[in-house]
Amino acid sequence: MTWRLSANALARRARWAARRLELRAFGLTPEQFNAEEGFRAALAVGPPLALAVVTGHAWLGWAVFAAFWTCLCDAPGPDDRRRRLLAAFVLGGTVIAFTGSWTASFGVTGALMAGPALVFCAVMGAAALPHGGLLGTLLAVVAVVAVGFPHPAQLAAMQALAYLAGGAWAFLLITLFWRIDPALPLRRNATVIIARMADMVGDLIAIGDSTHRDAEWHSEYGEHRRAVRLAIEGLASSLERYPAATEDRQAWRRLLDAFETMFSALIALDHAHIHRLGPATERRAAAPAFRIALAACRLTVHRRDRIEALLRRGIHRLERLRRSLTYEPIIGCIVALEDTLGTLNRPTAPYALRVPVPDGLRSGWRERFRRQLRPALLQSAGVVGVYYVAFVFQLGYPYWATMALIVVLQGGARVTWTRCLERIIGSLLGGLFVLVLLHFVGVVFVLSALAILLAAASIALRSVNYTLFVVFLTMLFITVTEMLQPGAGVASARMVDNVIGSLAALVAVLVLWPDLGPPLRERLAKGYETNRAYLDAVATGKPRAEISDARRAAGLASVEVETALHDLGGLPRRWHGLSETDVSSLRDMRELAGEAACAWHKRLVCGPEGEL
């Protein structure tokens, strides 16, 4: 029992840290830890690594990294789409591995031409497939690594065949021998939502009659609302990867509807606590009721037996509580929770919530090509710049710098800034850790076992936090390089090259093709307008679907403004300043959302049936 309490306390502290990191665009989702994927990656990497070590052929290291990269390329989605993407990665990577290595063998000019050209082709070619962003990034990584190993045609072909063998082995393992439930990412995303809502409910219960923290402005104002909204959007985005016509997807959409309904009620109760609206006894009684709905959602996610009976029992408990209340908005919150459980209890009910599909998921291949043109050009130009620095300063492993540039340069200034910091921190930590390990461990067998464990940890943590992922990834690459291509200063070269590549990515996004987004005050004005539109939609009696859309737009705009405050470490805010009027507008955004939520739940009780 003591151990369980300690584990729960540790998980709560991790989620507390995650909420603060999310405000600064750093992701931390402990619920996304996937041990099964890690064990599968260990099995994928183990045989080719053992073969390379036993035979002593360094070029077989390509089979090791191909197997690892193939595991990394396995993105959420239905089985048929995953097979297409993985097959494209294995076959396309084989061609790129040969072309890059052979072309680079013609000298510096060949490398300078092959690297940027292959990166451009990889990124643009992957755009032909839906959800091919990760595929393009990893193919570009293969391209710059291949250019870093220049060989004549025969040896380049051997490397490419090793890559094909390692990738094919991992492909068969993922798609045939060790299949993981394709809906697992959806369940993990739903678990994240439940955890974030549970934290918000727990804080409301702990408040009791005391003053809510958000009664006064502070730097993390609205942290729970922001965390829940981001988690819901994560599930909505993941769901768009699955076929629309399947019955299973309809069930997940109903669960998403239930989350939205419950979140709106939670915002209303949160607003009531902030302003002490209604009797304190009713506020205290309403907060624990959300745990009933959260338990129902948790059972739905994990598909426990007898869920129908448990849902009916929960509805009866909520009905008893509702009859004891007098304050209409809080009564409306309980009505919404009853609606949540009713939605979960209707397995054949049609999907009611309209979640707009992100542009990147709705568009066809022409639009995807147009959208990918800028990042493809940026990455190609960045590769040229890194090659120049590598040749000037005689870097020992320049392909590590170009790898860092490609994986860091994945979006606008915000994403690049955060990835740059995480990549640098993760590389330095991983390099230091592996330096200590290599100082004490020199037995090949032990190093091989260590590399397999590092591969497992990397894949298991890849969706938890990027810094943690890079720590283990750095240790893996350095360990394998030390075994197959030993040399002086491998760890230090990896650290230096990653720093150079990460900084080059930041320079590229800020100088070559700046993408800083709208000014902060423009985002603030838009955030206020969308929240005002949400309140107006409720006040004027708009249909439920329109109110759902307005609520989502208001939540996303609020998150965008609050996160933009910390872009580039808060430098834009410090440069332009933040007036008292701006601070007041920031708070008013959340106030309007709370007022709208209370008004909506009052309408659930008092409004005509035809409006619902």
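Refer to the structure above for everything that follows.
These lines cover the structure that appears in this document, whether it is placed above or below. Starting from 1, residues in each chain are numbered consecutively following that chain's sequence as written. Local features in this predicted model are restricted to residues of pLDDT 70 or higher, and side-chain atom pairs are both shown and tallied only at a pLDDT of 80 or more, whereas totals for entire chains, interfaces and linings draw on every residue. Values shown for side chains rest on all heavy atoms present in the structure; no hydrogens or waters enter the calculation.

1. Comments concerning the overall build of the protein chain
Next up, step 1: Per the convention used, a helix needs a DSSP run of H or I reaching at least four residues, while a strand needs a run of E reaching at least two, with both numbered from the N terminus. Broken down by element type, the protein chain carries 24 helices and zero strands.
Next up, step 2: What the globule rule says is 2.2 Å times the number of residues to the power 0.38, and the radius of gyration is computed from C-alpha atoms. For 612 residues, the compact-globule estimate of 2.2 N^0.38 gives 25 Å, and the C-alpha radius of gyration of the protein chain, at 26 Å, lies within 12% of that figure.
Next up, step 3: The dimensions of the protein chain, computed from C-alpha atoms along their principal axes, are 80 × 55 × 50 Å.
Next up, step 4: Taking all 612 residues of the protein chain together, 53% fall into the buried category.
Next up, step 5: Considering only contacts in the protein chain between residues 6 or more positions apart, those separated by 24 or more positions represent 81%.
Next up, step 6: Within the structure as shown, the protein chain displays about 25900 Å² of accessible surface, and the carbon and sulfur contribution to it stands at 64%. Note on exposure labels: buried denotes an accessible area under 20% of the residue type's maximum, exposed denotes more than 50%, and partly exposed covers the range between, all computed with a 1.4 Å probe on protein chains only. Contacts were defined at the residue level, with two residues in contact if any of their heavy atoms lie within 4.5 Å. Surface accessibility follows the Shrake-Rupley procedure with a 1.4 Å probe radius. Residue values consider only the protein chains on display as shielding.

2. Focus: unusual backbone geometry
Next up, step 1: Even without being a glycine, H131 presents a positive backbone phi close to 60 degrees.
Next up, step 2: Looking at the element boundaries, H131 is found in the loop between α5 (108-126) and α6 (133-147).

3. Some remarks on the packing of aromatic side chains
Next up, step 1: What counts as a ring pair is set by centres within 6.5 Å for rings of Phe, Tyr and Trp (its six-membered ring), and what kind of pair is set by the plane angle: stacked under 30 degrees, edge-to-face over 60, tilted for all other angles. All chains considered together, the criterion is met by 12 aromatic pairs.
Next up, step 2: Between W102 and F106, the ring centres sit 5.6 Å apart and the planes meet at 65 degrees, which makes this aromatic pair edge-to-face.
Next up, step 3: The class of W102 is partly exposed, set by a relative accessible area of 35%.
Next up, step 4: When the ring of Y399 is compared with that of W400, the centres are 5.7 Å apart and the planes differ by 65 degrees; the resulting orientation is edge-to-face.

4. Here's the deal with the packing of helix α9 (residues 223-239) against helix α22 (residues 544-564)
Next up, step 1: For the pair α9 and α22, the least separation of the axes is 10 Å and the interaxial angle reads 115 degrees. When the axes of α9 and α22 are compared, the crossing they make is left-handed. Contacts between α9 and α22 involve R226, R229, L230 and E233 from the first element and R552, G555, L556, V559 and E562 from the second.
Next up, step 2: Residues are grouped as follows: nonpolar covers Ala, Val, Leu, Ile, Met, Phe, Trp, Tyr, Cys and Pro; charged covers Asp, Glu, Lys and Arg; every other residue, Gly included, is treated as polar. Split by residue class, the contact of α9 with α22 holds three nonpolar, one polar and five charged. Whenever a helix is involved, its axis is fitted only over the stretch in contact; in every case the axis is a line through C-alpha atoms, and angles between N-to-C directions fall within 0 to 180 degrees. Take the far helix as your reference; a near helix turned counterclockwise from it by less than a right angle gives a left-handed crossing, and one turned clockwise gives a right-handed crossing.

5. Quick word on the environment of R20
Next up, step 1: By the secondary structure assignment, R20 is in helix α1 (residues 2-23).
Next up, step 2: By relative accessible area, which is 16% here, R20 ends up buried.
Next up, step 3: Along the sequence, R20 and M475 sit 455 residues apart, while their C-alpha atoms lie 28 Å from each other.
Next up, step 4: With residues near it in sequence (within four places) discarded, R20 still touches R213, E220 and E223.

6. Focus: α9
Next up, step 1: The terminal C-alpha atoms of α9, which comprises 17 residues, lie 25 Å apart, in line with the 24 Å expected from a rise of 1.5 Å per residue.
Next up, step 2: Counting buried residues along α9, 14 of its 17 residues qualify, which places the element largely inside the surrounding structure. Multiplying 1.5 Å by the helix residue count minus one yields the expected span of that helix.

7. A look at the side chain of R19
Next up, step 1: Secondary-structure assignment places R19 in helix α1.
Next up, step 2: Each residue touching R19, except ones within four places of it in the same chain, is listed here: D199, E223, H224 and A227.

8. Topic: empty space enclosed by the protein
Next up, step 1: Any residue with an atom within 4 Å of a point lines the site, the site being either a cavity, points on a 1 Å grid over the protein atoms alone where a 1.4 Å probe fits but cannot get out, or a pocket, an open set with protein on both sides within 12 Å along at least 5 of 7 lines. Grid points are joined across faces, edges and corners, and a volume is the space filled by probe spheres set on the points. Using the criterion set out here, one finds three cavities of 30 Å³ or more in the structure.
Next up, step 2: The space that makes up the largest cavity amounts to roughly 100 Å³.
Next up, step 3: What lines the largest cavity is R225, R229, F263, I267, N531, Y534, R551, A554, G555, S558, R590 and A593.
Next up, step 4: Elements with a contribution of two residues or more to the lining of the largest cavity: α9, α10 (247-275), α21 (520-539), α22 and α24 (580-606).
Next up, step 5: Tallying contributions element by element places α22 first for the lining of the largest cavity, with four residues.
Next up, step 6: Partitioned by chemical class, the residues of the lining of the largest cavity number five nonpolar, three polar and four charged.
Next up, step 7: When its volume is computed, the second largest cavity comes out at roughly 50 Å³.
Next up, step 8: Sorting the residues of the lining of the second largest cavity by element identifies α4 (79-104) and α7 (153-177) as the ones contributing at least two each.
Next up, step 9: Looking at the lining of the second largest cavity element by element, the count peaks at three residues for α4.
Next up, step 10: Among the residues forming the lining of the second largest cavity, the class breakdown is two nonpolar, one polar and four charged.

9. Side note on the packing of helix α17 (residues 413-440) against helix α20 (residues 490-512)
Next up, step 1: One can describe the packing of α17 onto α20 by two numbers: an axis separation of 9 Å at closest approach and a directional angle of 175 degrees. Judged by the angle between their axes, α17 and α20 are roughly antiparallel. Here A413, T416, W417, C420, R423, I424, S427, L428, G431, L432, V434 and L435 of α17 lie close against α20, whose contacting residues are A491, R494, M495, N498, V499, S502, L503, A505, L506, V509 and L510.
Next up, step 2: In the contact of α17 with α20, the residues fall into 16 nonpolar, five polar and two charged. Geometric relationships in this document are graded by angle, where less than 35 degrees denotes roughly parallel, more than 145 denotes roughly antiparallel, 65 to 115 denotes roughly perpendicular, and other angles denote oblique.

10. Some remarks on the side chain of T343
Next up, step 1: Relative to the helices and strands, T343 is located in helix α13 (residues 328-344).
Next up, step 2: You can call T343 buried: its relative accessible area is 6%.
Next up, step 3: In this structure T343 touches R254 and D257, once residues within four positions along its chain are discounted.

11. Here's the deal with the environment of E260
Next up, step 1: On the secondary structure map, E260 appears in helix α10.
Next up, step 2: Taking relative accessible area as the criterion, E260 reaches 4% and is therefore assigned buried.
Next up, step 3: Considering only alpha carbons, one finds E260 and R551, 291 residues apart in sequence, at a separation of 9.5 Å.

12. Focus: the nonpolar core
Next up, step 1: We define the nonpolar core as a collection of buried residues of types Ala, Val, Leu, Ile, Met, Phe, Trp, Tyr and Cys that are connected through side-chain atoms lying within 4.5 Å of one another. Counting residues in each nonpolar core, the largest one holds 92 residues, and the members touching the most others are W62, F68, W69, F89, V145 and F477.
Next up, step 2: With 12 residues, the top contributor of residues to this core is helix α19 (residues 466-484).
Next up, step 3: If near-sequence neighbours (up to four positions away) are discounted, W62 is found in contact with A97, V142, V145, A146, F149, Q159, A162 and Y163.
Next up, step 4: Core analysis: the second largest hydrophobic core is formed by 69 residues, I194, F290, L321 and I547 among them.

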